[in-house]
Amino acid sequence: MTRLISNAVATSGNCLKTMPKDIILAIACFPLLLSETVFIPTASALDGKELYQLCSSFPLNSQCKDYEVPIPLDNRSGKKADCIFKNNEKETRGICKIDVTEKGITIYQETGKKLEIINDKKSTRTIQIQPTSVSKIEYREDEKANVEGKIVNTILFGVAGLLFTPNQKISEIQINYTLTTSQDTSQEQQNVDSLRIFVGRGTGREMRSQLEKITGLRAEII
C-alpha cells in the first residue's frame, strides 16, 4: 500500500514536471481566485473614489443603484456659456453648456463643490426643456470688456495693448418655459421659469436659429 502511494506521488510529480509552467501557475492560483470571487465588498465598505471607479466602469452593478456618477462640464456636449436660471423668483448662476437638438434643449450646469475624484472639478446637473414647453424667446446683442484679452495684451504690448484691445461681442438669449408640477392628486400648477444665456456673438446667432426652428417661435429682438 505504501509503495502504491509512493508511486502515485512520484507519477504526479513527473506529470507536473512535464506540464507547462503557465498551467502549473494557474492550478496554484485557482483557490485564490475562488476566494476573491467569494468576497464582494458592500457599497458601505467602498470609499468615494472606489465607488466612483466601480460605477463609472459598471453602472449596472447593484451597488450603483442610487449612485449618480459625477460628470465634469468638460465631458458634456454642447456650447459653453454663462447661465442664469430663474425659478420661483430664485436665481441660480453658473457656467454651463447648452445642447440644442430636434428633441429639445439640454443644459448642463456646474453645481456643488470641486471634487477630488474628478480632478478637482465640479460636477454638473442636467436640465431638459421640451420644445413645446417654450413660450417665449428673447434675443439681444451687446458688448462687454474683454478683460482676459486686455490683461494678455497689456503684458505683451504695454499700454497700447490695453487701449487697442476690442470689446467682446456677445449674445444674450432668454428662454421662458413652462413646467407642470403636481401639487396633489387633484391640482396642477403651471410654473413659468426662465433661462438666460450669455455666449459669443457667432454662437448666439446660431443658437437663436436652432431655437426658432425646434420651437416654431420667432425670437423677439430687444
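Worth saying up front: this structure is predicted, and the values here are computed from it rather than measured. (Residues numbered from 1 in each chain as written. Predicted model: local features only at pLDDT ≥ 70, side-chain atom pairs only at ≥ 80, totals over all residues. Heavy atoms only, no water.)

Q: Teacher, can you tell me more about the state of the cysteines here?
A: Working definition: the covalent bond between the sulfur atoms of two cysteines is a disulfide. Summed over the entire model, instances satisfying the criterion amount to two disulfides. Residue C55 pairs covalently with C64 via a disulfide, S to S 2.1 Å. Residues C55 and C64 share a disulfide whose torsion about the S-S bond is about -95°; that sign makes it left-handed. Both residues of the pair, C55 and C64, count as buried. (Disulfide = S-S within 2.5 Å. Buried < 20%, exposed > 50% of the residue type's maximum accessible area, 1.4 Å probe, protein only.)

Q: Honestly, the packing of aromatic side chains in this entry has me stumped. Any pointers?
A: Aromatic ring pairs are described here by two measures, namely the spacing of the ring centres and the angle between the planes. Evaluation of the coordinates by the stated rule reveals zero aromatic pairs. One residue, R125, lies across the ring of F85, its end atom 5.1 Å from the ring centre. A cation over an aromatic ring shows up here: R208 above the ring of Y139, its NZ or CZ 5.1 Å from the ring centre. (Phe/Tyr/Trp six-rings, centres within 6.5 Å; stacked < 30°, edge-to-face > 60°. Lys NZ or Arg CZ within 6 Å of the ring centre and 35° of its normal.)

Q: Even after reading the chapter, I still don't get the environment of E110, so can you show me in this structure?
A: Along the chain, E110 falls in strand β3 (residues 104-115). Here the alpha-carbon distance between E110 and S123, two residues 13 residues apart in the chain, equals 5.8 Å. (Helix = DSSP H or I, 4+ residues; strand = E, 2+ residues; numbered from the N terminus.)

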